[in-house]
Amino acid sequence: GGADGGGAGGGGDQIRVTLVQGLAGEEFYETMACGARARAAELGVALDVQGPQKFDPTLQTPIVNSVVAGGPDALLIAPTDVKAMIAPLTQAKQQNIKIILVDTVVEDQSIGLSRISTDNLKGGAAAARALSEQVGGKGKVLVISTDPGVSTVDARIKGFEEEVAANHPGLSYLGVQYSHNDVGEASRIMNAALAKDADLAGVFATNLNSATGAGTALQQTGKLGKVKMVGFDAGPAQVEQLKDGVVQALIAQLPGDIGAKGVEQAVAAVRGQQVTPSIPTDATIVTAANVDRPEVRKVLYKAGC
Amino acid sequence: MAVPLIAARGIEKSYGQVEALRGADFSLGAGEVVALIGDNGAGKSTLAKILSGVERPDGGTVEVDGAPVAFGSVEEARAAGIETVYQDLALCADLSPAANFFLGRERLRPGLLGLLGVLDNAAMRRETQEACERLGVRLASQSAPVSALSGGQRQGVAVARAVTWARRAVFMDEPTAALGVVQTRRVLDLIRSVRDSGVSVVLISHNMQDVMAVSDRVEVLRLGRRVARFDTARVSMEELVGAMTGVLEQWESQG
Amino acid sequence: MAVPLIAARGIEKSYGQVEALRGADFSLGAGEVVALIGDNGAGKSTLAKILSGVERPDGGTVEVDGAPVAFGSVEEARAAGIETVYQDLALCADLSPAANFFLGRERLRPGLLGLLGVLDNAAMRRETQEACERLGVRLASQSAPVSALSGGQRQGVAVARAVTWARRAVFMDEPTAALGVVQTRRVLDLIRSVRDSGVSVVLISHNMQDVMAVSDRVEVLRLGRRVARFDTARVSMEELVGAMTGVLEQWESQG
Amino acid sequence: MSGRGGRPARLGGLQVVWIGLVLAGLLVAFSALAPRAFPTSFNLLNLVSDAAILLLLATGMTFVIITAGIDLSVGGVLVFSAVVAARVIEGTGSPPLGAAGALATGLAWGVLNGVLVALGRIPALIVTLGTLGMSLGGALLLTGGVDLRAPADLNLGLGLARWLGVPLIVWICAAITAVLALALAWTRFGRHTYAIGSNAEAARRGGVAVRRHLIKVYGLAGLLAGLAGHLSLAKYGITGVSAHSTDNLQAIAAVVIGGTSLFGGVGTVAGTVIGVSIPVVLQNGFQILGVRPFWQQVVVGAVLVAAVYVDQWRRRARDQ
Amino acid sequence: MSGRGGRPARLGGLQVVWIGLVLAGLLVAFSALAPRAFPTSFNLLNLVSDAAILLLLATGMTFVIITAGIDLSVGGVLVFSAVVAARVIEGTGSPPLGAAGALATGLAWGVLNGVLVALGRIPALIVTLGTLGMSLGGALLLTGGVDLRAPADLNLGLGLARWLGVPLIVWICAAITAVLALALAWTRFGRHTYAIGSNAEAARRGGVAVRRHLIKVYGLAGLLAGLAGHLSLAKYGITGVSAHSTDNLQAIAAVVIGGTSLFGGVGTVAGTVIGVSIPVVLQNGFQILGVRPFWQQVVVGAVLVAAVYVDQWRRRARDQ
Ligand SMILES: Nc1ncnc2c1ncn2[C@@H]1O[C@H](COP(=O)(O)OP(=O)(O)OP(=O)(O)O)[C@@H](O)[C@H]1O
Ligand SMILES: Nc1ncnc2c1ncn2[C@@H]1O[C@H](COP(=O)(O)OP(=O)(O)OP(=O)(O)O)[C@@H](O)[C@H]1O
Ligand SMILES: O[C@@H]1[C@@H](O)[C@H](O)OC[C@H]1O
Ligand SMILES: [Mg+2]
Ligand SMILES: [Mg+2]
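- The name given to chain D in an unreviewed UniProt entry is Ribose transport system permease protein, with Nonomuraea thailandensis as the source organism.

Considering the sheet that holds strand β3 (residues 33-38) of chain C
All names here are of chain C.
Then comes step 1: Read across the open sheet, the 6 strands follow the order β6-β7-β8-β3-β9-β10; overall the sheet is mixed. Looking at which strands have only one partner, the edges of the open sheet turn out to be β6 (82-85) and β10 (225-231). Adjacent strand axes in the sheet meet at a mean angle of 15° when their direction is disregarded.
Then comes step 2: Two strands pair when backbone bridges link them, and β3 and strand β8 (residues 200-204) are joined in this way by 4 bridges, in the parallel orientation. Looking at β8, one finds that Ala 35 is bridged to Leu 203.
Then comes step 3: Contacts from helix α6 (residues 151-165) reach β6 and β7 (169-173), with the element oriented near 170° to β6.
Then comes step 4: Docked against the sheet, helix α9 (residues 237-245) engages β3, β9 (217-222) and β10, running at close to 25° with respect to β9.

Observations concerning the coordination of the magnesium ion (ligand 4)
Then comes step 1: Protein-derived ligands of the magnesium ion (ligand 4) are Ser45(B) (OG) and Gln87(B) (OE1), with the metal-ligand distances lying across 1.9 to 2.1 Å. One end of the pair, Ser45(B), is in helix α1 (residues 44-51); the other, Gln87(B), is in the loop between β6 (82-85) and α3 (97-101), and 42 residues separate them in sequence.

Considerations on the pattern of salt bridges
Where charged atoms from two side chains of opposite charge approach closely, those side chains can pair.
Then comes step 1: Under the counting rule described, the total for this entry stands at 50 salt bridges over all chains.
Then comes step 2: Linking Lys140(A) and Asp197(A) is a salt bridge whose minimum nitrogen-to-oxygen distance equals 2.9 Å. With Lys140(A) in strand β6 (residues 139-145) and Asp197(A) in the loop between α6 (183-196) and β8 (200-205), this pair connects stretches of sequence that are 57 residues apart.
Then comes step 3: As a salt-bridge pair, Glu201(E) and Arg205(E) come within 3.0 Å of each other at their nearest N and O atoms. Residue Glu201(E) and its partner Arg205(E) are located together in helix α9 (residues 200-205), separated by 4 residues, close to a single helical turn. Note on accessibility: Glu201(E) and Arg205(E) belong to one class, buried.
Then comes step 4: A network of salt bridges, in which partner residues are shared, links Glu32(B), Arg217(B), Glu219(B), Arg226(B) and Arg229(B).

Notes on the interface of chain D and chain E
Then comes step 1: Across the contact, 60 residues belong to chain D and 60 residues belong to chain E.
Then comes step 2: Buried surface at the junction of chain D and chain E, both sides included, amounts to about 5,300 Å², of which 74% is carbon and sulfur.
Then comes step 3: For the pair chain D and chain E, the number of links is 0 salt bridges.
Then comes step 4: Counting the contacts that link chain D with chain E gives 0 residue pairs in polar contact (both at pLDDT 80 or more).

Observations concerning the coordination of the magnesium ion (ligand 5)
Then comes step 1: Those protein atoms acting as donors to the magnesium ion (ligand 5) are Ser45(C) (OG) and Gln87(C) (OE1), and they sit at 1.9 to 2.0 Å.
Then comes step 2: With relative accessibility at 18%, the residue Ser45(C) sits in the buried group.

Considerations on the UniProt feature "transmembrane region" (unreviewed entry) in chain D
Residues and elements named next belong to chain D.
Then comes step 1: The UniProt record marks residues 12-33, 53-85, 97-116, 122-142, 163-186, 249-282 and 294-310 with the feature "transmembrane region" (unreviewed entry), using the residue numbering of this structure.
Then comes step 2: Summarising residues 97-116: 100% helix, 0% strand, and an end-to-end C-alpha distance of 29 Å.
Then comes step 3: With 79% helix and 12% strand, residues 163-186 has its two end C-alpha atoms placed 29 Å apart.

Brief notes about the relation of the copies chain D and chain E
Then comes step 1: Between chain D and chain E, the superposition needs a rotation of 180° and an axial shift of 0.0 Å, giving an RMSD of 0.1 Å. One copy is carried onto the other by what is essentially a two-fold rotation axis. Among all C-alpha atoms of chain D, that of Phe263(D) lies closest to the rotation axis, at 3.5 Å.
Then comes step 2: A share of 100% of interface residues in chain D that are also interface residues in chain E marks the association as one of identical surfaces.

Cut-off values and rules
Residues numbered from 1 in each chain as written. Chains lettered and ligands numbered in written order. Predicted model: local features only at pLDDT ≥ 70, side-chain atom pairs only at ≥ 80, totals over all residues. Heavy atoms only, no water. Pairing = 2+ DSSP bridges. Helix = DSSP H or I, 4+ residues; strand = E, 2+ residues; numbered from the N terminus. Axes fitted to C-alpha atoms, helices over the stretch in contact; angles between N-to-C directions. Contact = heavy atoms within 4.5 Å. Donors = N, O, S within 2.8 Å, 3.2 Å for Na, K, Ca; no water. Salt bridge = Lys/Arg side-chain N within 4 Å of Asp/Glu carboxyl O. Buried < 20%, exposed > 50% of the residue type's maximum accessible area, 1.4 Å probe, protein only. Buried area = accessible area lost by both parts, 1.4 Å probe. Polar contact = N/O pair within 3.5 Å; in protein donor to acceptor, adjacent residues only side chain to side chain. UniProt positions renumbered as here; feature names shortened; annotations may be inferred. Least-squares fit on C-alpha atoms with pLDDT ≥ 70 in both.

Next comes the structure, spelled out in structure tokens:
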């Protein structure tokens, strides 16, 4: 039996699970929370959701510490750094809290009874393929990202760059510009890029705000559709951008699934049942052409639950 | 005596541990010039600030025209026609002399622009210049901020401002401290002519010649209390100094 | 005359459009009290600031003990033994009187603590108290910041400070403007005793009685230039006022 | 050095000339270095258009800083107002009603700031840090953390509309900034703003209703942030719940670059206009020149300091 | 209201008592609401440990703000120093050399800030905004934008070491803060810091070497940021190139909550210690109580304002 371990703070016999997001208030993680909540309700589990205001281990660490102080039975977490989060998670483990990693992982393989995640490296490569297809395999392409040092986003860029270098000789890669997650800044970057390279063919925007800002610039300079854009994640706003022709393709992960599966695994772990150590989830390329298909519709993120 | 314009009784005011006023009395009749004198730290400025609405007393009563008032703000005191030259002058250093002169009662342009709140800077500059010149204070530049003025020029602006706007009474806390000989004489003349026009004047000063020269009465503060009152005509400088310093403590003088 | 302690010639200083000094001369002998007088805005404070290293002149020469100097900073003037009471007092309002008194020359604790820079606050407080009391200035609380002092108390602190530290000369820019009768007398006495101990004094004042009472000589500034010099013993108050206001412009007087 | 003590106050007018020359110098330099990409109407129009919304925030901030205050909440208020506008339009279908909602919301937050600063006598930094958290948290609560899209008629209407080839949003921001520049320089409202920042106690003794005026100034800053929220919703088509965390620092920096002192009492809107432009021009210019992103950060930082130094140095030469 | 004008100066000591009571009240309230989770040694130790590094930055910031300056660059300097430490340890294998490298680097950035502020007379906000960009950009250049990992012997050594059950990092930060608190209150260095912030011109006329002192103060802030970089590298095991963009605001807020005026001349390190603790305790307490993240933002903002209001209100009652 594993229930004896969760006794630190748990009063009744209801299983208490906390989900610590990588970033509070982000569609990906909110969708994940929705998935987790739905499954928790089905299973009669009490679920609490917490998350830092930035994707940042120095902000996530205190949250993990306070969650651990509250002594839930299990912790679902998207660690914000592969190394920095090892120490607080080790502390949690020592308190007999079952840890399930969702979306991201840490280097220490012994942490996390189960790991459920999208491969951002592969996601980046998928973005490269999608963009290459959109621009017909040739032309100048640019990446607009948030800030360097955000591991998931960095992995996408890396995957994108490797794929371009390896398999798309016709693309001329212009490098990354950083928008600091500010739509205005992303728009300014896009404008300067257009002033510099009027023949720009495509853009990979690694997250929502980058895509929004860049899309605005394209729209206002009349380049919409002429410069192709691929974005990451498939929240409602992104899907609208896709339908409006601001972006031509989106790389969708399965956050809702990740959350739901995470809860299942946590419950199994607390009950001392079998857990699955590794559950990879897919990335789907969504385009205007396939967005209305039922199997694609399923992967779009939810606007609240 | 008629109902005094201002009558304050038993005013108390502490700042933390320091008791600045410990039951001070003060009265000012209509059309009279009263000198308020006392040693450094006696509480003169504090009393002036209370009577012009800047500070709230901890205790005591203030009556204006016989009716009790509780000035909660400077606006109320001003509405009662009382103006003040503060010892620290209370000027905005970054603003021009004219902006300071008209602070809180800016002149607006006539017509539509005025309705929009547009300032009539030319008129304000002109009037300020005139008022200062009446005191013999020359301003080298009307657009330079007050921080660029000499000590005496600043004081000139503050005095001219208070005198221009006062309708019932004007408190002057050491108004000539920084002024030149000529300017000081002009201020003393001004005090007389203001009085003659029916406005009462309270002059706080350490200069006994000036006090003797313009005041009708003298009130003396010591350690936060009124210790003596004199008719100027019937008092000598030595007596005044004695009352301030406590040598003459015993004499509680006539009213 | 012997080599003057300070001799300034043709000092010029402009602030933007305003010419504060237009070739002013000034001299101060060892052990003498010189009154520097002039109308408001004549340039007295500006000259004092230049001679104490606070401002840099645009033109002219300054000699100390006959050797040309170019004070680049207050430290240099202080090193030459010159202290100043500024008209704006130059006190740190948030600090205690003692902290201001010892500003820039703090007393440290003896021994190791002193090497670590630890202040000897008790000693500084004591000495400040004593110096102020010598002027008759009573401080209600030694720990309250200067912003809590009355106008006269502040000036007392500034005067006591300058007088305590001066070794060759002390500039006093209207040092008694805010002081009470007794305190003013004490300052005048102090000026004499300072002079007797061999330190020269420059007194800037609008009070002609005071000027007549303590100075050995008088220098008069008008519109940024020296327009007259007098031996105090041989001049009348009317002459002084005349020189300041320009009525007596023609008389360029003896040296 | 500290803003207090004997240094003579700046004359707004003169100041603006010098920092304006610095901006002109930058424009000339980039035009010379990238003659075919930088000084094109395409690029310059984009520059202006990207700076417009920030300009609104910075103009409000100018008033606040001149009173010796600060407003860290602008980004949060912007987002909150954008969310309200989006919800109102969603509910009523009317973009004008949405705009009204955004303005009212912004004003309400601003007045809250003003009341807490003026009546509560709480340092402005703390008040607006608090309302920044409250407005951002509130916006997230209203949206569930998911960015709302602007309805198409707003995004494609006001968001894209042009007049004489210049985006309508730019006209709106420019007009409001111009009006406020005049109000600051020429009206009683402006005069009292300077007076409070120069010496709040003197203003109070002079009969200026200091508290009421402060509430108005913070209210104005909030109102402008609300408008910025609506315009940003129109322009970017999204409420941007996560996208405005650096708006406050950007606006404050623009104000200070433009010669307004953080200690209050001096400053001009014209300076702020230049202060908004300089970083935007630097970023754009260096990117066009192909400076690598990390170098860009370094170079922009260095040139910013140098630009203000030139300005400062000129002024010092005059002072001493 | 504005920090200038007639309001009597605060007495540091008294102030700290009141805001300290607010903190005590929060601790009691959370303990009552979550008796089995909040007041545990586990939780409190984590609290202290999470606040320690920020405390270093805030202590340096206290000195800077007391001189009426500001330092926005601390986060950038922290990251840059961490990168230098990581590179040095990588190259030499010696964590002490890495620490020396971080300290020297931090000091150098701080001195650069000080020189530009004191000799260049450029507003501190602009200078440190510039060096923030330069140091962050520089750190990214040194790392190619990828977070460097701390060598294991640092991360597992200093990063995990404890003494009497308390992390060594906490002891280090506490000791340094205590020393600097004493230095500010009791030494000539501290006295000159207050004097400059109170009235820089009076300090100059009093013979204080204002420029040299300002360079020292900014140097100290940089040095502490350098140390913070090294400790943060040890604690988190990464250089955190993207993780410190809000450090400056957090530190400034802590200083102001602790009763230091942005206008200079008053403040204490003890106040800053409390100012660092209040937001940390609020966040932790609300998380333990299970308040939802968005609500947390709202509630933390509101309580912050209320906490400072209580403090302010007490003081006002005394003043008037
Ligand atoms: N804001 C304040 N905080 C604390 N103490 C104060 C404050 N204002 C005045 N005091 C104290 O109250 C006492 C009276 O001060 P006040 O300024 O009224 O004296 P005064 O008679 O005007 O003296 P002076 O002739 O020097 O101007 C002094 O001891 C002063 O230190
Ligand atoms: N910092 C400054 N900026 C601009 N103008 C200044 C500045 N300081 C002084 N002035 C101007 O220089 C002239 C001389 O000023 P100064 O203070 O030397 O006069 P003063 O003789 O001391 O007068 P007072 O008797 O009023 O103190 C004045 O017209 C003044 O406006
Ligand atoms: O996949 C997530 C992404 O959508 C978000 O932007 O940042 C964190 C990632 O893990
Ligand atoms: Mg007084
Ligand atoms: Mg003078």
